[in-house]
Structures are given as structure tokens and as C-alpha cells.
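A structural walkthrough
Below are the chains, spelled out letter by letter.
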Amino acid sequence: MFDRTDYPYSETFVREAIQNSLDARLDPSRPVVVNFTFHTGHVGPTRAFLEQVVAFRKKAGLAIPREWSNGEIRWLVVEDFNSKGLGGSLDRRTSDFWNYWLNFGISNKDGSGRGGRGIGRVTFLIASRIQSVIGYTRRASDGAAAGCGMAVLRAQEDGQEFLSTHAYLAHRERGSIYELHDSQGFHAGLCSAFELTGYSGTSTSGLALAIPYPHSELIPERILAAAVENFAPAIMNGTLVLKVDGTVLDASTIAEVAQDVAKELNDEAIREDVGRYLRLVGNALNEPQATKITLPAARRTDLEALRKTASVELLQKKLSADADVVLEIEFPLTRGGRESTVRLRAVLAPTPPGRKPIDRLFREGMGLPDVRTKNPGELDLIVVVDAGLLATYLNFCEGKAHLDLLESKDIRQKLEEHGFDGLRVRRLVRGLPTDLRILLTPDISAPDAHVFDTFFSKPSDKPGRKNRPVDHPDPVDPPPPPKPPAFRIDTLQDGLRIRANPECAEWPMNLTVTLAYADGSRHPSWSPFDFKLDDLTITKEGCEITLENNKVKALNCGLDCALEITGFDKNRELDTNIRPWRNA
């Protein structure tokens, strides 16, 4: 996300700042409050903390803001309250504290929060035109205060010394870490110079970051817009409150603030109708009359099986009447050999004419904007996953910037290390933006005989002006119904069963079955290391079979044909392609 043109930097910055604060929430009965405050003034008191950074940047040939030479400085302060602060031992390199400042790419998060990759905080360095950030924290765990800072420079020789690519605000090196300035006078001077609120009274812990010379893209309106777009559920359910240069963004003000900053929203569908977006999020969070859907195997095919049910047809009619449909979807998720039922909520609504469909999934109040369908049709969709086992699982499936649900060896390994049973649930959730729309879009089986009546004139032998006929002529006969499929497929716990369909009358027939474990692509690859057909249990009736690699051919199948293949890995999703064919 750090270098993608489709996401403005302000959005990247706000996502990282807020997700860190929400993950560090202290009292779950109170909201996390995050302040974004811009300051402008004379360099004065800040000089003591920045002049060495500026000097080394000059030596390295790096740009220096013109304002510094004029004795002026602008900085942005980000402070959170009702948070735990930056914890961890100050004496151990791999603690949370030093991971934050020294160890990019390493994180001690357990997946239960919104982050976990250990690289997102680089956004704070990028936010500064001198690639610097200064932090002050008071920790809830021990009440201790600590100040530190970091600047990105350029490696170079300086006399007899070799200067590395990074410099730190600290007293001196101590082994693999640094000895911090820990006097009360230093802490007071730091807070005073950068006008930090500090932590006392009702807010006794938290983390404050000062970003000198922030990029011009970081302005209050864009910060508010990014929060509305990416954290609307957390704001609306009372988990998160923002204060941006005096503007309060919370559950009571979000509707008004969202309208004020709508032009700064990144997503076009949300930008053109932010009120509709907030209504959908509110229904996903609060609507008590949700329709429950149970997916017993946590597979996408479970949704397909519901398509012709009466309850789904009622939901389709409700959408046709321009009403919102709220779903509570439950399915099993296994961790450490123990199966639990997990749930998420979704709301679908007809997209107003002339508008773009809204498409957004939220995990623990934070949006994953790349979890969407390529073909949204004419339905809006919001999916909300609350904190819990499912949210933890999905966190491990997200990429570095937490934009999408991905599938890779690294992600599979992380799931295995934390006791989860593979990627089946990831595929289910990632497919919801497409599958729910397909489920709730009615089939159109009979064509409209009058669809072109107003496009073409009809010839007539009568002279004079032609009047449009009042009554439509009799429609043409609809096309014949499609032929029933030749075979029926039953999903088994470790395989599948294929049976002849008694509604099909064209026998004998041949069948080719291609098998592979799903890998997220339309045509998954197969390897002998996945499985060998000779090692599986295959039973047949009413046909002759041949085996080749991952293909089973059933020849001369009759009405009594049955083919059962079992012995596959229960923890992996099986992709099956079935092709009936006849002899020439």
C-alpha cells in the first residue's frame, strides 16, 4: 500500500495510526481516542531534538526543508488515549518496545488485533519530509515513561566513523539496543517542545508521535475522510473517537463530518453517496432482524446449495422491493483440533440507478478495501467481522498492508503455526462479495418478448401516419428448458460421489473427472506430491474406469452408474472438474 497509486498516502497513514491504537486499547468499556493535531511555530524548543538530524542530512546530501533555514517548523502530533502505551522490556532487543523502533518486519502480535506484520510503522517515517519521527509513551503495564526517536539517513563515512542508514534519539548505544534519556527533565522538555498533551489524570497511558515537517498531503480533511472510509464500524459502535484539529469524529457526529469531507473520500462509490454507505454499515452493525444462514462445511458450495430454497427466494423478493437484506452467516472454524462456530454479518441493498455499487469488508472495524468482487452488478454489499476467532484467523490471511485476504505458502505456514486448519475459510470469506450477490440475484429464464418493441418500427400496408399498436402481439414461444445434467455430485467428508441423474434420458455416456486441491486460481495445478489416484479408494458401478495422473475416465456409463472417490486430505479444499462426453 505504501507505493500504490490507487491509495493516497493520507489513507495509508491514517490506517496505520488508528489500527495501532485500537490494538492497544486498554479499557474495553471506553473508546480509544486518537488526536491528530497540526502545529506551526518557530524552530525554538524543537531545535535541540532535530538539529543533529538536519546536520547529518546535509552531510549525506539529503534535502532540508526551506522552512528550517527560516527558523520555522510545522509538525503533526498523533496521540492515543485509553491505550496501553508502547510496552515491552527496555533491556531486550526483541521486546515490543525495541521491535517498534529497531526491528522492522518483526512483531510480537498474536493475530488478535488488526496489524501484525511489523512493517506498517514505516509510514510514520515516510510521512515526514526529513524521514524522522519522535515518540513518547507512558506504559500501562508499569507506569514508566520512555522517549525515543528515529531518522532515516544515508550510509556514509564521516572521518574515522561510518554512519549507518538510521539514527536514534537516545543517550548512547548499549549492546544491540540503546540507553534512553530517562530523566524527568528530558521527558518534560520533549513534551513541551512538541506540545504533547502528556498522560496524567484520567488518561495515564498511551503513545504520542511527533512528525516534523509532514507532507502537504496530510491535512485534517483527508485524515477525517480516511477514518470515515476505513473505520466507520469502529466509530459507529463507540470503539473509536477521533479529534482532528478540534473536529470530533464519533458515533454522534460521523454523519455530519462525513458529508463535510466527502470530496476527500478515495472510494468513488462511497464518495458519491456517503449517507448510503453509513446507512449500510449501521444496518450491518445494529439490525436485529437478520436472516441466519448456516454453511455446515464452510465451503463456497454451501451457498450454491441454498439458491433454490424458499428462504432465498423471499430475500430476492425483498431486494426487488428496494429493501435492505441483513444476513448472519455462521460456519465452523477449527483451531488446535477444536471446532468452533464463527459468525459474520452482511447487508445487501439495491444500488440506486446511476450510482456505483458499494463493496466493503470490515474486520474488527477496519476496512479491507481489496476484498471485493470484479462484477458487483446492481447490489451494494457490506460485510462485518467482529473481534473473535474468525477475525484472528483472517488477520493471518491478510497481506502486509492489510488490504486483502491472500493465499500463499507464507500465509499457510502462519495458519499452521497458530493451529488453524488451512485456507478453506479464507476462500469462503474472500468469495462472499461475489457469491452473496449471485445467491440473491434472481435467475432470468424466460426472455422478454417486448424488449425491442420501442426500438424498431413495424411495416404496414396502410398509408398515412403509423400509430403504435395498443396491444402487444402474442409473445413468441420461450426456448425449450435446458437439458438436465447427466450426473449428480455429492460432497463427502474426504472426497466425492458421482451418480447418474435419472432425469437424463441420453445413455450411455462417458465422463472425465479432473481432480486437484484448490489453490485460489481458476485452474489449480496438480502434483503427485498432493495425491496419487492409486493411493485413493475408488469404487464404481455401471461403468468402466481408467486412471491417468489426476484424471478419472468413466466409460459406457448407464443409468445405474455410480463412482465414489475418497481418501483426500480433509483439511484441503478439493477442486473438481466434471466433463460428460459421448463417443463420436
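Residues numbered from 1 in each chain as written. Predicted model: local features only at pLDDT ≥ 70, side-chain atom pairs only at ≥ 80, totals over all residues. Heavy atoms only, no water.

**Notes on the pattern of salt bridges**
Enumeration according to the criterion identifies 29 salt bridges in this entry. A salt bridge links R300 to D435; the shortest N-O distance between them is 2.6 Å. Within this pair, whereas R300 is found in helix α11 (residues 300–304), its partner D435 is found in helix α16 (residues 432–439), the two being separated by 135 residues in sequence. Exposure remark for R300: the relative accessible area of 32% places this residue in the partly exposed category. Under the relative-accessibility criterion, D435 is labelled buried at 12%. One salt bridge connects E364 with R363, and the closest N-O pair in it is separated by 2.9 Å. R363 shares its class with E364; the two are buried. Overlapping salt bridges bring together E328, E330, R343 and R345 as one network. (Salt bridge = Lys/Arg side-chain N within 4 Å of Asp/Glu carboxyl O. Helix = DSSP H or I, 4+ residues; strand = E, 2+ residues; numbered from the N terminus. Buried < 20%, exposed > 50% of the residue type's maximum accessible area, 1.4 Å probe, protein only.)

**Some details on the packing of aromatic side chains**
Counted by the stated rule, this structure contains 19 aromatic pairs. Ring geometry for Y517 versus F531: centroids 5.4 Å apart, planes at 85°, classification edge-to-face. Of the two residues, Y517 is situated in strand β21 (residues 509–517) and F531 in the loop between β21 and β22 (537–541); the sequence distance between them amounts to 14 residues. For the residue pair Y517 and F531, the accessibility class agrees, reading buried in each case. Taken together, the ring pairs connect Y9, F13, F36 and F124 into an aromatic cluster. (Phe/Tyr/Trp six-rings, centres within 6.5 Å; stacked < 30°, edge-to-face > 60°.)

**Brief notes about the environment of E157**
Relative to the assigned elements, E157 resides in strand β5 (residues 156–158). Here the alpha-carbon distance between E157 and A60, two residues 97 residues apart in the chain, equals 9.5 Å.

**So, the sheet that holds strand β26 (residues 574–581)**
Spatially, β23-β24-β21-β26 is the arrangement adopted by the 4 strands of the open sheet, whose pairing is antiparallel. Single-partner strands in this sheet number two, and they are β23 (544–548) and β26. Strand-to-strand twist in this sheet, taken as the mean axis angle between neighbours without regard to direction, amounts to 15°. Bridging between β21 and β26 involves 8 bridges; their strand directions are antiparallel. Residue pairing across strands places Y517 opposite L574, the latter belonging to β26. (Pairing = 2+ DSSP bridges. Axes fitted to C-alpha atoms, helices over the stretch in contact; angles between N-to-C directions.)

**Some words on the nonpolar core**
In this structure, F13, F36, W101, Y277 and I382 are the most contacted members of the largest nonpolar core, which totals 70 residues. Each residue touching W101, except ones within four places of it in the same chain, is listed here: L86, R121, V133, I134, G135, C148, G149, M150 and Y168. If you look at the next biggest cluster of nonpolar residues, it comprises 41 residues, including I293, V371, V425 and L428. (Core = buried A, V, L, I, M, F, W, Y, C linked by side-chain atoms within 4.5 Å. Contact = heavy atoms within 4.5 Å.)

**What to know about the sheet that holds strand β15 (residues 338–350)**
Strand order in the open sheet made by the 6 strands is β13-β14-β15-β18-β16-β17, with mixed pairing throughout. Unpaired on one side and paired on the other, β13 (291–294) and β17 (366–368) mark the two borders of the sheet. Geometrically, the sheet is characterised by an average inter-axis angle of 30° between neighbouring strands, direction not taken into account. Pairing between strand β14 (residues 325–335) and β15: 11 bridges, direction antiparallel. Within β15, the residue paired with R335 across the bridge is R338.

**Side note on the confidence of the model for the protein chain**
When pLDDT is averaged along the protein chain, the result is 89; 90% of the residues meet or exceed 70. The secondary structure element of the protein chain with the lowest average pLDDT is strand β6 (residues 161–163), at 75, and the one with the highest is strand β18 (residues 379–385), at 98. (pLDDT = per-residue confidence, 0-100.)

**Notes on the packing of helix α1 (residues 9–23) against helix α7 (residues 220–236)**
Helices that pack against each other are described as a pair by the angle of their axes relative to one another and the distance between those axes. Closest axis-to-axis distance for the α1/α7 pair is 9 Å, and the angle between their directions is 45°. One finds that α1 runs oblique with respect to α7. Crossing angle aside, the handedness with which α1 passes α7 is right-handed. Residues S10, E11, V14, R15, I18, Q19 and L22 of α1 form the contact with α7, whose own contacting residues are R222, I223, A226, A227, E229, N230, F231 and A234. For the contact of α1 with α7, the per-class residue count stands at 8 nonpolar, 3 polar and 4 charged. (Parallel < 35°, antiparallel > 145°, perpendicular 65-115°, else oblique. Left-handed = near helix turned anticlockwise from the far one by under 90°. Nonpolar A, V, L, I, M, F, W, Y, C, P; charged D, E, K, R; others polar.)

**Describing the pairing of strand β20 (residues 495–500)**
A regular strand carries its side chains on alternate faces of the sheet. Across 6 bridges, the pairing between strand β19 (residues 487–492) and β20 is antiparallel. Counted as the bridge partner of T491 is L496 from β20. The turn joining β19 and β20, which pair antiparallel and follow one another in sequence, is formed by 2 residues. Taken together, the 5 bridges between β20 and strand β25 (residues 562–566) define a ladder with antiparallel strand orientation. Within the sheet, the bridge partner assigned to L496 lies in β25 and is I565.

**Considering the pairing of β21**
Within β21, 8 of the 9 residues are buried, which leaves the element mostly enclosed by the surrounding structure. Relative to strand β24 (residues 551–557), β21 runs antiparallel, the two sharing 5 bridges. Paired with T514 across the two strands is K551, which belongs to β24.

**Thoughts on α7**
Between its first and last C-alpha, α7 extends only 20 Å over 17 residues, short of the 24 Å set by a 1.5 Å rise per residue. The axis of α7 is deflected most strongly, by about 80°, at N230, and proline P233 appears within four residues downstream. With 14 of 17 residues buried, α7 lies mostly within the body of the structure. Once α7 finishes, G238 follows within two positions and takes phi at roughly 85°, a positive value. (Expected span 1.5 Å × (residues − 1). Bend = angle between axes of the 7 residues up to and from the residue.)

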